[in-house]
Amino acid sequence: MQNVDNIYILVILGMVGSFLMVGSFILLYVRNQNKILKQRQQLQFKEIEHQRELLQAIIESQETERKRIGQDLHDDVGTALSSLRLTIEMFKPASEEDNNNKHVKLSKEIIDKVIRDVRYISHNLSPPALSYYGLAAAIEEKASFINNSGQLTITLVNDAEDILKDISLPASVALYRVLEELINNTIKHAGATQSLIKIAAVDNTISITYSDNGKGMDASCIIVGMGMQNIESRLTVINADYIIDTAAGQGFKVNINYALPAN
Amino acid sequence: MDYLYIYISYVIPLCIIIPLIIALVRYRFLTFPFKILFWFLVFSGIANAINTTLSSHHITTTTLFHVYTIFEFAFITWFFNIVFDKRWHYIMIGMVVIFTILCVINFFFVQNGVEFDTYTGTLEAVIIIGYAILYLIKENDTEQNVTWEQSGLNWIVISFLIYYGCGLFMFISSNYLLHATRSVNIIVWSVFDTITLVEYLLFAMGFYKCKT
């Protein structure tokens with residue numbers, strides 16, 4: 001009988017011992033799994049950060065290049081064309097009926113057109129208003145230009161005048177380019193007559209809503225072309241998010257939210 | 001000692017309600033493996049109730065354990081069959097068939113109906129420990145996107161590992177209990193039933209986390 005009882009002490013000790021052993025194994029296994037997961041997540045986060053930095057570098061170098069080309073066009077080509085215009089101005093035909101008069105007149109018109117085009121391209125590449133007067137002024141200038149061209153009627157409602165002054169230049173450039181892309185898309189594809197740009201501020205977040213009265217599109221069929229990718233890239237770099245709201249026959253609307261950095 | 005007797009005879013068997021209630025509350029989220037486990041617990045609860053009733057009338061229930069082992073193994077193998085990939089499908093079916101045959105041979109020719117099925121019970125425990133370890137190896141090789149605690153299946157599998165790993169000593173030596181004193185029986189079964197309670201609580205956690 002005594003021997004049988006001793007076996008049960010061993011059985012109890014065995015059960016308790018194996019419970020501790022199995023429990024320790026499970027705890028160590030779980031700890032290890034969670035550690036691996038955490039390391040993987042940190043790696044993924046670093047990878048995403050790195051990609052974002054690369055993207056930012058690409059966009060910055062793109063803007064620098066655009067600025068350089070814009071300035072060169074304005075300073076070199078624009079100046080040369082203006083000189084050419086002056087030179088032709090000095091050429092005075094003998095009379096109004098002189099055939100050369102027509103050629104002079106035509107040449108002046110062509111040069112004027114080229115000067116206008118070069119100025120337009122130069123402005124588009126690097127809008128001076130953006131660097132000197134800020135985002136609001138640059139958007140107003142763009143809207144005014146498009147309205148004058150008759151391609152589209154853009155209405156700008158700016159309820160965030162003060163907070164827009166606090167935006168950094170890179171963020172201003174990014175938001176400007178995004179709006180520029182949206183306007184171009186509206187002109188090229190939407191067949192719209194009107195568009196609205198509304199800028200508002202809630203706490204430290206700037207909310208920009210762009211909408212048009214064009215033909216819209218099925219939200220599930222939004223083709224992510226170069227334009228949309230450009231928009232997404234620029235907004236990702238400045239940590240802004242966007243929501244597209246569109247449907248066939250119901251226009252196109254996009255809401256962009258940009259939170260100003262704490263400092 | 002009376003308290004311990006109530007603990008092992010009534011409290012622990014009734015604790016099966018804990019995972020069952022949680023499973024019923026989360027029933028619409030339960031995937032197929034969890035549903036198998038739910039019906040296994042229902043079967044187990046019924047078997048426990050029959051065992052308790054017969055024991056209270058001093059009727060020997062060791063034969064019941066022989067039958068219960070077959071169904072227990074079938075349910076748990078079915079559970080792991082769904083969890084593992086299709087390679088294991090025919091192996092597991094084969095194992096259920098072979099194990100059933102072994103249980104029948106054991107009952108009629110080796111350990112008669114008045115003894116616990118220690119051979120087949122221990123074999124069953126070893127195989128189920130093997131299933132659990134295989135699952136952990138599979139999980140280790142798979143890239144996870146959520147923490148370990150978020151997966152309901154993880155909780156279920158470790159409950160099997162704890163119950164059958166710790167209960168192995170009990171399955172091996174349960175026939176010795178038949179010759180021991182009442183107090184020794186109660187003490188040993190109390191320890192084993194506490195492990196059963198841990199199993200039920202881990203099942204409950206598994207059902208709770210099944211949505212993820």
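The paragraphs below set out a description of the structure included in this document. (Residues numbered from 1 in each chain as written. Chains lettered and ligands numbered in written order. Predicted model: local features only at pLDDT ≥ 70, side-chain atom pairs only at ≥ 80, totals over all residues. Heavy atoms only, no water.)

**Observations regarding helix α1 (residues 2-14) of chain B**
All names here are of chain B.
Working step 1: The terminal C-alpha atoms of α1 lie 17 Å apart, and with 13 residues this matches the ideal 18 Å at 1.5 Å per residue to within 8%.
Working step 2: Of all the bends found along α1, the most pronounced is centred on Ile-8 and spans about 35°.
Working step 3: The set of residues buried in α1 consists of Ile-8, Ser-9, Ile-12 and Pro-13.
Working step 4: Where α1 is buried, its residues meet α3 (32-56) and α8 (182-208). (Helix = DSSP H or I, 4+ residues; strand = E, 2+ residues; numbered from the N terminus. Expected span 1.5 Å × (residues − 1). Bend = angle between axes of the 7 residues up to and from the residue. Buried < 20%, exposed > 50% of the residue type's maximum accessible area, 1.4 Å probe, protein only. Contact = heavy atoms within 4.5 Å.)

**A look at the pairing of strand β4 (residues 241-246) of chain A**
Within a regular beta strand, the side chains point alternately toward one face of the sheet and then the other, so they alternate between its two faces.
Working step 1: As paired strands, β4 of chain A and strand β5 (residues 252-259) of chain A are joined by 6 bridges and run antiparallel to one another. Within β5 of chain A, the position partnered with Asp-245 of chain A by the bridge is Lys-253 of chain A. (Pairing = 2+ DSSP bridges.)

**Re the interface of chain B and chain A**
Working step 1: The interface is formed by 30 residues belonging to chain B together with 23 residues belonging to chain A.
Working step 2: Between chain B and chain A, a total of about 2300 Å² is buried, with carbon and sulfur atoms accounting for 74% of that surface.
Working step 3: Ranking the residues of chain B by area buried against chain A places Trp-148, Cys-166 and Phe-169 of chain B at the top, with a combined share of 21%.
Working step 4: On inspection of chain B and its partner chain A, the count reaches 0 salt bridges.
Working step 5: Breaking the side of chain B that touches chain A down by element, the ones donating at least two residues are α6 (118-141), α7 (152-177) and α8 of chain B.
Working step 6: Ranked by the residues each element gives to the side of chain B that touches chain A, the list is headed by α7 of chain B, at 10 residues. (Buried area = accessible area lost by both parts, 1.4 Å probe. Salt bridge = Lys/Arg side-chain N within 4 Å of Asp/Glu carboxyl O.)

**Things to note about the packing of aromatic side chains**
Residues and elements named next belong to chain B.
Working step 1: A full pass over the atoms with the stated rule returns 31 aromatic pairs over all chains.
Working step 2: When the centroid spacing of 6.3 Å and the interplanar angle of 40° are considered together, the rings of Phe-160 and Tyr-164 count as tilted. One end of the pair is Phe-160 and the other is Tyr-164, both in helix α7 and 4 residues apart, which spans about a single turn.
Working step 3: Cation over ring: Arg-182 sits above Tyr-5, and NZ or CZ is 5.0 Å from the ring centre. (Phe/Tyr/Trp six-rings, centres within 6.5 Å; stacked < 30°, edge-to-face > 60°. Lys NZ or Arg CZ within 6 Å of the ring centre and 35° of its normal.)

**Let's talk about the packing of α3 of chain B against α8 of chain B**
All names here are of chain B.
Working step 1: At a closest axis distance of 11 Å, the pairing of α3 and α8 adopts a crossing angle of 150°. With respect to each other, α3 and α8 are oriented roughly antiparallel. For the element pair α3 and α8, the recorded crossing hand is left-handed. Where α3 abuts α8, its residues Phe-34, Leu-37, Phe-38, Leu-41 and Asn-48 lie against Tyr-200, Phe-203, Gly-206 and Phe-207.
Working step 2: Residues belonging to the contact of α3 with α8 are distributed by class as follows: 7 nonpolar, 2 polar and no charged. (Axes fitted to C-alpha atoms, helices over the stretch in contact; angles between N-to-C directions. Parallel < 35°, antiparallel > 145°, perpendicular 65-115°, else oblique. Left-handed = near helix turned anticlockwise from the far one by under 90°. Nonpolar A, V, L, I, M, F, W, Y, C, P; charged D, E, K, R; others polar.)

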